[in-house]
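Structural characterization, general
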Amino acid sequence: MTWKERRTVTILLSIVGALFLALLIVFGMIYREGREEALAGTAAPAGLSADGKAVDPGAYTALRWYNGSATLSFALDEEGKWIWADGPDFPLKDDTVNSILEALSSLKFQQVLPAGEDKSEHGLDTPAATLTASTGEKEQTLAFGKATTDGDSYYMCMNGDESTVYIVADTLVKLMQTPIYDMCALPELPDLSERNLRAITIQGPVPAAEAGGGEEDGAEAGGPEAPGEEPERPAVSLNARRSGGEDQPALWFEGSDNVTAAPLMQDLLHDLAAMSMAKCVDYFPSEEAAEICGFHSADAILKVEYAANGTDQTFTLSVGARMPDQSGRYVRLEEDGAIYALATDSIDAVMTISVAGMRGVVQEPAPAEGQDGE
């Protein structure tokens, strides 16, 4: 082949390559435009009213979902506030409900697929989660199947229509995993800053001998105690004295001992000022649940006398068992039967004083008579 022929072949191959590249670009643009048009046609919000417009989140009046382990139902009350249908008195913090309604109203279909004959292909034969929302005039139900391979989306069908499968973001499924007690509006504790405090009493656990005494012990002591009457607990009483008026810094006394500068006293004052509930554990506990959490006989009882709005008030907190993850303690307020969690660093000083007093040292029991302690 001569050099002229080789040059001609090279030019022709270059032209063919350029044409092939141009075709790829054109086909790519056509595919992209077609895909965008398809997505544009399916990306309309899933929450539609009768006229095809997106539903205003404020138009919903009832909501129910199943998240794979629990079913929760919510409704608007007469005042237009969301309530938990199974517990109307439950102090619902409606952030999760509102987030679900917002996500539902703006739900986009990432992809629309024709449904196959086998619903199990997408996990829709036994949905992992379902969501039903009502506006009063219209009810809409979403069923979520398997997660996609990337784990960021879910297969979904709507209103029992098995002919079409949608792929949507995992936003709704994640929100529906929120436990009901994580939606509890936690009680706001009083301001227990030192300037408001008047007296603090910390009762320790019932002495083991008294707590475990049997019928014979009761008979020896003059008969069993009255039903429901708990043996006397050891207690530490701390009183504030202010020589210059109620607004002045206090000196703290245990009896006649000035314990103001004691590190444990300062820790206690710090903990009281910063104390807040970590979460709700059980708002409607059964007697069995309360006993499991240590309230058959509380490990400690905290009573604080304080001033608020010019009047004397009392705050009482019962402290139960440690939580399994050791992150805190179960606690109960005097006027509230619910069980809450209090972080360990908020109750450490109380628990130390309840067991060891202001010295913070647990006294070893004296050896029994006739033993040398070895």
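You'll find the structure just up there.
Numbers given for residues are sequential positions, taken from 1 along each chain in its written order. Since the coordinates come from a predicted model, pLDDT governs what is reported: local features require at least 70, and pairs of side-chain atoms require 80 or more to be given and counted, while whole-chain, interface and lining totals use all residues. With hydrogens and water excluded, all non-hydrogen atoms of the structure serve as input to the side-chain values.

On to helix α8 (residues 344–356). Helix and strand labels come from DSSP, where a helix needs a run of H or I of at least four residues and a strand needs a run of E of at least two; each type is numbered from the N terminus. To estimate the expected span of a helix, count its residues, drop one, and scale the result by 1.5 Å. The first and last C-alpha atoms of α8 sit 17 Å apart over 13 residues, in line with the 18 Å expected at 1.5 Å per residue. Three exposure classes are used, based on accessible area relative to the maximum for each residue type with a 1.4 Å probe and protein chains only: buried under 20%, partly exposed in between, and exposed over 50%. Those residues of α8 that sit buried are T344, S346, I347, A349, V350, M351, I353, S354 and A356. Where α8 ends, the next residue or the one after it, G357, has phi of about 75°, a positive value.

Another point: the sheet that holds strand β17 (residues 339–343). Here we have nine strands laid out as an open sheet, ordered β12-β11-β10-β9-β14-β15-β16-β17-β13, and antiparallel in their pairing. Two strands bound the open sheet, and with one partner strand each, they are β12 (257–258) and β13 (279–282). Where strand β14 (residues 300–308) meets strand β15 (residues 311–322), nine bridges bridge the pair, whose relative direction is antiparallel. In the sheet register, V304 faces β15, and the bridge partner there is F315. Note on contacts: a residue pair is in contact if any heavy atoms of the two residues lie within 4.5 Å. Angular values range over 0 to 180 degrees, each being the angle between N-to-C directions of two axes fitted as lines to C-alpha atoms, with helices fitted over their stretch in contact. Here helix α6 (residues 263–274) sits on the sheet and contacts β9 (197–203), β10 (235–241), β11 (251–254) and β14; the angle it forms with β9, its principal contact strand, is near 105°. Packed on one face of the sheet, α8 meets β9, β10, β14, β15, β16 (328–333) and β17 and runs near 90° to β17. Strands pair, by our definition, only if DSSP identifies at least two bridges between them.

This part is about the packing of aromatic side chains. Between rings of Phe, Tyr and Trp, where Trp is taken as its six-membered ring, a pair exists when centres lie within 6.5 Å; planes separated by under 30 degrees are stacked, by over 60 edge-to-face, and by other angles tilted. In total, this model carries seven aromatic pairs according to the counting rule given. Ring centres of F90 and Y181 lie 6.1 Å apart, and the angle between their planes is 50°; this geometry places the pair in the tilted category. Taken together, the residues span a long stretch of sequence, with F90 in the loop between β3 (82–84) and α2 (95–105) and Y181 in the loop between α3 (171–176) and β9 at a distance of 91 residues. Between the aromatic rings of Y283 and F284, the centroid separation amounts to 4.9 Å while the plane-to-plane angle is 85°, which identifies the pairing as edge-to-face. Given the relative accessible area of 19%, Y283 is considered buried. Between the NZ or CZ atom of R241 and the centre of the ring of F253, over which it lies, the distance is 3.9 Å. Both a distance and an angle decide whether a charge sits over a ring: NZ of Lys or CZ of Arg must be within 6 Å of the ring centre and within 35 degrees of the ring normal.

Structural measurements only, silent on function.
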